Amino acid sequence: MKDLAPELAQRRERHLYRTRIAIEGPQDTIVTIDGRSYLAFCSNDYLGLASHPAVVAALREGAERFGVGSGAAHLVSGHTAAHHALEEELAEFVQRPRAVLFSTGYMANLGIVQALAGRGDRVFEDYANHASLLDAAQLSRAKLVRYRHKDSFDLEKRLLQASGGEYLVLTDGIFSMDGDQAPLDELSAVASRHGAWLVVDDAHGLGVCGPDGRGSAAQQGLGVEQVPVMMGTLGKAIGTFGAFVAGDADLVETLIQQARTYVYTTAPPPAVAWATRRALKLLVEESWRRERLQALIQRFRDGADDLGLPVSESATPIQPLIIGSPDRALAISEDLRASGILITAIRPPTVPEGSARLRITLSANHREEDIDRLLEAVFGACQQRGLSA
Ligand SMILES: *Cc1c(COP(=O)(O)O)cnc(C)c1O
């Protein structure tokens, strides 16, 4: 048995040690930690639905109707009318023939790749893809080929070099740590020329972009023919928990039959599915949330521009400020914390070496004055720590 302490100590020395904070109330733009309130810019609850009273009421109602635990896997007796109705509503929302729920986005990605690819096949992935997509390729035993970030020419070059087996092309719709968007139209054209499946992980696009928040594919006018496999998560803009995969009936049936992360796990609590139905309805009806979010993004970017803050190119609620070294990113995050603002420093290996950052995320529940306070505080902290603006 190896001694675990030295590696932990080394992490600490390299400023890569992760700690957790315990939030003492609902997820919102103001959170309480150790009795003190902070203005928070780090959640993926982009539309402010995670603690919406109607969603909370639906969770309670769901628990009264269905109890708490689902008691079994979907294929045994864990699949309830609540799950079933949600699947139908999600399919309709993303304009795909069918959808199937998974317990988490991580598990959905593992399930998709394992069901569609195996030894002898090839999985092509953007360098900046989410860890779960990379892990999915490894677990599938297919050969993993990575292509340059958002570079459809590089993808095509690599597809041309490949031969035999199934091809899968995997990409985030909106990249989780940078907030930039994948060129899905180009990627889908390349994938279809080479008979490859295109799998889009729209964890950060769903609910936020496209008409009525239908996601990245809808924003770029791409249907099920261009994006045959779409994965969406429910724990981010939708505000609850879980994930789904949408596509045609054969794809969905294949996942139900073969995805091991679907078959061999307990179905999520039905009350969560019930609450998600309510959140999905709100998300469509309350389009002002998306409009408000866009206005706040614009306000933040204009303000950052005026101050000369080097924020990355991003039109989404993910607005990273690349700092570079993990110790400096951590120091700035701690300074902000001392001034009542919560933004976590994201460090390697979550992001590439030398690109530690503040991952600032905005929510429709933020107020304009929150954005102004954020800009002022970030500017002050960066100056103090010698990050030239
Ligand atoms: C959050 C995230 C996931 C994982 O989803 P969970 O439901 O949290 O497991 C997958 N892909 C991307 C791009 C994500 O940002």
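Values in this document were obtained by computation on a predicted structure and should not be read as measured data.

*Asks:* Describe the layout of surface pockets, naming the residues involved and giving the relevant values.
*Replies:* Approximately 1,300 Å³ is the volume found for the largest pocket. As for the largest pocket, its lining consists of 45 residues, of which Arg18, Met177, Thr344, Ala345 and Ile346 are closest to the centre. Those elements that provide at least two residues to the lining of the largest pocket are helix H6 (131-140), helix H14 (326-338), strand S12 (345-346) and strand S13 (356-361). Across the lining of the largest pocket, the residue classes tally to 20 nonpolar, 13 polar and 12 charged. Put simply, the second largest pocket is a space of about 260 Å³. Looking at the lining of the second largest pocket, the elements with two or more residues in it are helix H4 (81-93) and helix H12 (270-285). In terms of residues, the lining of the second largest pocket owes the most to one element, H12, which gives six residues.

*Asks:* Tell me about the domain arrangement of the chain, and please be specific about residues and values.
*Replies:* Frequently, the measure chosen for interface size is the accessible area that the parts lose on association. Assigned domains within the chain: domain 1 (7-40 + 287-384) and domain 2 (53-285). Spacing between the C-alpha centres of domain 1 and domain 2 amounts to 27 Å. In this assembly, 15 residues from domain 1 lie in contact with 16 residues from domain 2. Overall, the association of domain 1 and domain 2 removes approximately 1,100 Å² of surface from exposure, summing both partners, and the carbon and sulfur fraction of that is 53%. The largest per-residue losses of area from domain 1 upon contact with domain 2 belong to Arg290, Thr316 and Ile318, which jointly make up 43% of the total buried on that side. Salt-bridge contacts for Asp178 lead to Arg357; the nearest nitrogen and oxygen are separated by 2.8 Å. In this structure, the connection of domain 1 to domain 2 is made through eight residue pairs in polar contact (both at pLDDT 80 or more).

*Asks:* Describe in detail the environment of Ser312, supporting the description with residues and values.
*Replies:* Within the secondary structure, Ser312 is located in the loop between helix H13 (288-307) and strand S10 (318-324). Judged by its relative accessible area of 15%, Ser312 is buried. Residues within four places of Ser312 in sequence aside, it is in contact with Arg301, Gln319, Pro320 and Ile322.

*Asks:* Describe in detail the pairing of strand S5 (residues 143-147), supporting the description with residues and values.
*Replies:* Consecutive side chains of a regular strand alternate in pointing toward one face of the sheet and then the other. Direction of pairing for strand S4 (residues 122-126) relative to S5: parallel, over a ladder of five bridges. Bridging across to S5, Asp126 finds its partner in Tyr147. Running through H6, the crossover from S4 to the neighbouring parallel element S5 is right-handed.

*Asks:* Give me helix H2 (residues 53-66): which residues, what numbers.
*Replies:* Within an α-helix, residues lying three or four positions from one another point in the same direction, as the helix has 3.6 residues per turn. With 14 residues, H2 should cover 20 Å at 1.5 Å per step; its first-to-last C-alpha distance of 20 Å lies within 8% of that length. Within the span of H2, buried status applies to Val55, Ala58 and Gly62. One face of H2 carries all of its buried residues, which in axial projection span an arc of 55°. In this structure, H2 carries Pro53, Arg60 and Glu64 as exposed residues pointing more than 90 degrees from its buried face. In this fold, the buried residues of H2 make contact with H12. Downstream of H2 by one or two residues, Gly67 has phi in the positive range, about 80°.

*Asks:* Give me the lowdown on empty space enclosed by the protein, citing residues and values where you can.
*Replies:* Unoccupied space between atoms shows up once a probe the size of one water molecule is rolled over them. The full count for this structure, using the stated rule, is two cavities of 30 Å³ or more. Quantified by volume, the largest cavity comes out at close to 100 Å³. Lining the largest cavity are 15 residues; nearest its centre among them are Asp28, Thr29, Ser43, Asp45 and Ser363. Residue classes in the lining of the largest cavity are distributed as five nonpolar, eight polar and two charged. Taken as a whole, the second largest cavity spans an internal volume of roughly 50 Å³. Around the second largest cavity, the lining residues are His83, Leu86, Leu101, Phe102, Leu234, Phe241, Gly242, Pro268, Pro269, Val272, Ala273 and Thr276. Counting residues per element, the ones that place at least two in the lining of the second largest cavity are H4, strand S3 (98-102) and H12. When residues in the lining of the second largest cavity are grouped by element, the largest group, three residues, is from H12. Of the residues belonging to the lining of the second largest cavity, the class tally is nine nonpolar, three polar and no charged.

*Asks:* Give a detailed account of the site of the ligand, specifying residues and quantitative values.
*Replies:* Surrounding the ligand, one finds 13 residues, the nearest of these being Gly105, Tyr106, Asp201, His204 and Lys236. Contact between the ligand and Tyr106: an oxygen atom at 3.0 Å from a main-chain N or O atom of the residue. Between His130 and the ligand, the recorded distance is 3.4 Å, taken from a side-chain N or O atom to a nitrogen atom. In isolation the ligand exposes 380 Å². Once the protein is present, 82% of that is buried. For the shell around the ligand, the element with the highest residue contribution is helix H5 (residues 105-116), accounting for three residues.

How each quantity is defined
Residues numbered from 1 in each chain as written. Predicted model: local features only at pLDDT ≥ 70, side-chain atom pairs only at ≥ 80, totals over all residues. Heavy atoms only, no water. 1 Å grid on protein atoms, 1.4 Å probe; cavity = no way out; pocket = protein on both sides within 12 Å on 5 of 7 lines; lining within 4 Å. Points joined across faces, edges and corners; volume = space filled by probe spheres on them. Helix = DSSP H or I, 4+ residues; strand = E, 2+ residues; numbered from the N terminus. Nonpolar A, V, L, I, M, F, W, Y, C, P; charged D, E, K, R; others polar. Domains from an automatic or database assignment. Contact = heavy atoms within 4.5 Å. Buried area = accessible area lost by both parts, 1.4 Å probe. Salt bridge = Lys/Arg side-chain N within 4 Å of Asp/Glu carboxyl O. Polar contact = N/O pair within 3.5 Å; in protein donor to acceptor, adjacent residues only side chain to side chain. Buried < 20%, exposed > 50% of the residue type's maximum accessible area, 1.4 Å probe, protein only. Pairing = 2+ DSSP bridges. Right-handed = clockwise from strand over helix to strand, strands pointing away. Expected span 1.5 Å × (residues − 1). Arc of directions from axis to C-beta. Near = heavy atom within 4 Å. Areas by Shrake-Rupley, 256 points an atom, 1.4 Å probe, with all protein chains shown as cover.

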